[in-house]
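Examining the three-dimensional arrangement
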Amino acid sequence: MLRDITIGQYFPGDSIIHRLDPRFKIVMTILYIVMLFTGDNYICLGVGAVYTFGAILLSRIPLKMFLRSVKPLLPFLIITAAINLMFMNSGDVLWQWKFIKITDGGLNTSVFMVIRIVLLIMGSSLLTYTTSPITLTDAIERLLSPLRKIKFPVHELAMMMSIALRFIPTLIEETDKIMSAQKARGAEIDTGSFTTRAKNLISILVPLFISAFRRADELATAMECRCYHGGEGRTRLRQLRSAPRDYTALAVTVLFLAAVIVLGRLF
Amino acid sequence: MENIIEIKGLHFAYDADDGEKKPVEVLRGIDLDIKKGEFVAVLGHNGCGKSTLAKHLNAILLPTEGTVTVDGIDTKDEDRLFELRQRAGMVFQNPDNQIVSSIVEEDVAFALENLGVPYEEMRRRVDESLKAVGMYDYRLHSPSQLSGGQKQRVAIAGIIAMQPKCIILDEPTAMLDPQGRKEVLATIHRMNREQGITIVLITHYMDEAADCDRVVVMDKGRIVLDNVPEKVFSQVEKLKAIGLDVPQVTELAWELRRAGCDISHEIISEEECVAAIERLFGG
């Protein structure tokens, strides 16, 4: 049961989007978010949509997966839409009940907001769908490396991230084992009221934490044995090399952003 | 031959953490020289101090008293710490807790990254090490997809990538299934034979020790026996007294001798045992 958990929702593949330099992908995602939030008319949103669906098509990941990424945020979407609907009072009144007024301006804004957020979720999912967590960590480390000058522990954070990623499957397996062991001793984990179940969770969490600390201790020793001494003077096996296609993709993104800015002014 | 490891008058004590001020003595005077290219097994019951001894060989622990020198470097010399750890690599019991990266080849490269080895050379050494342990085809796998024996071989590859002169293995097979044990032992023996790497194998499996050049038996923080496997295992009574077993065939020969048969007491392999018993009946 626990083994089914996927981390980072990465879909391995070999599409052009998969092969882009992860650093460029992060920068492009940021530009993409700016793109969606600068344009405030439907034409700009349309341009954003073209960009989003174009990239999704290129990634060769089924559209279904992207729609699935929107699903957990559905309540959030509904609340946003409802708030906009109720509190944006501009234009003609379409419907009224006591103090709640729905206007065409409000309707317009809420539809606009929903489309914008859906695009935002789908577009950013593209980053995690096409980049493995470990590559992503690596790219973040390199992008943030200038911050080292102001003593920001970039390498340490990236190392923590990658060790966490490395140990997630190990700890999931361990949790599975502990759960079975506790069940064999008569612990009831899946039944009872919410509070009983929460209390019973302690019998899993305590051994899990103890084992995690022991693992951490052993891992630290093993890392020391392999001459680990922080990020100072480290070289890397994984080389991030930017290719012409990365610059092309970036240029396309910048063009789209420029188009959105221009179209936002014109209309 | 030249010594690679020299241990002189090594004492080590942990500070007791239960409030008592009296330190707990774990090693009580160890003198041990290991020659270059030797394959040494260190045997002992749980708590005899064999793991503590192993941790002294690459300065994870420092002696309370006495000296440990590895390839001419005193383990107390902080300036040469990384040089020391590069020359004396260490493999631990639990393969899961010594693999750092989520990709096999990156884990093998970890030590080289730390040492600042340039990319081209790193690539070459990583590939060579993976081939040497027979895990090259798995270089892009995640460690969680591998069996225990495969993980342990990856851990060994991570050490040999440093091109050490000596590898210390602290019960590397204790958590593995028989197949995994076989794989790991074959790998260690090959490293010793083909690359001339000195091996210190800490274990409590008697049959693993039987294949070594030399067996050191520890009890209560001291070395009690130190000889070739045949001589060590012939001392069945002494081994039993400190809670160790002897290989099955050795025990059989010993029992036969006690029952009055004329059979050698220096039998450690099945083949020798079969031959000896055939002689017994045939002759």
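Residues numbered from 1 in each chain as written. Chains lettered and ligands numbered in written order. Predicted model: local features only at pLDDT ≥ 70, side-chain atom pairs only at ≥ 80, totals over all residues. Heavy atoms only, no water.

**Some details on the sheet that holds strand β4 (residues 65-70) of chain B**
What links the strands of a sheet is backbone hydrogen bonding, and the strands pair in either a parallel or an antiparallel sense. Here is the rule we go by: When DSSP finds at least two bridges between two strands, those strands are taken to pair. Numbering of helices and strands starts at the N terminus; helices are DSSP runs of H or I of at least 4 residues and strands are runs of E of at least 2.
The strand order across the open sheet formed by four strands is β2-β1-β4-β5 (chain B), and the pairing between neighbours is antiparallel. Among the strands making up the open sheet, the edge pair consists of β2 (24-35) and β5 (73-74) of chain B.

**Quick word on the side chain of B:His56**
Put simply, the rule reads: We call two residues in contact when some of their heavy atoms are within 4.5 Å.
Relative to the assigned elements, B:His56 resides in helix α1 (residues 50-56). In this structure B:His56 touches B:Leu10, B:Phe12, B:Leu27, B:Leu61, B:Leu62, B:Pro63, B:Val68 and B:Thr75, once residues within four positions along its chain are discounted.

**Quick look at the pairing of strand β8 (residues 198-203) of chain B**
Residues and elements named next belong to chain B. For clarity, the cut-off: With a 1.4 Å probe rolled over the protein chains alone, any residue whose accessible area is under 20% of its type maximum counts as buried; one over 50% counts as exposed, and the rest are partly exposed. Crossovers are marked right-handed if the path from the first strand over the helix to the second runs clockwise, as seen with the strands pointing away from the viewer.
Where burial is concerned, most of β8 is hidden: six out of the six residues are buried. Of the two faces of β8, the one holding Thr-198, Val-200 and Ile-202 and the one holding Ile-199, Leu-201 and Thr-203 are both buried throughout. Here strand β7 (residues 166-170) pairs with β8 via five bridges, running parallel. Looking at the pairing, Ile-168 lines up with Val-200 of β8. Crossover connection from β7 via helix α6 (residues 178-195) to parallel β8: handedness right-handed.

**Quick look at the packing of aromatic side chains**
Selection rule: Two rings belonging to Phe, Tyr or Trp (six-membered ring only in the last case) form a pair when the distance between their centres is within 6.5 Å. Interplanar angles under 30 degrees mark stacking, angles over 60 mark edge-to-face geometry, and anything in between is tilted. In this scheme, Lys NZ or Arg CZ marks a charge over a ring once it lies within 6 Å of the ring centre and within 35 degrees of the ring normal.
In this structure the tally under the stated criterion is eight aromatic pairs over all chains. Plain terms: the ring middles of A:Tyr51 and A:Phe256 are 5.1 Å apart, the flat faces sit at 65° to each other, and that makes the pair edge-to-face. Taken together, the residues A:Tyr51 in helix α3 (residues 42-59) and A:Phe256 in helix α10 (residues 244-266) connect sequence positions 205 residues apart. The buried category is assigned to A:Tyr51, whose relative accessible area is 16%. By relative accessible area, A:Phe256 is classed as partly exposed at 23%. Ring geometry for B:Phe12 against B:Tyr14: centres 5.1 Å apart, planes inclined by 85°, an arrangement best described as edge-to-face. According to the relative accessible area criterion, B:Tyr14 is partly exposed, its value standing at 37%. Pairwise contacts between aromatic rings join A:Phe11, A:Phe66 and A:Tyr129 into one cluster. Its end group placed over the ring of B:Tyr136, B:Lys131 keeps NZ or CZ at 4.7 Å from the ring centre.

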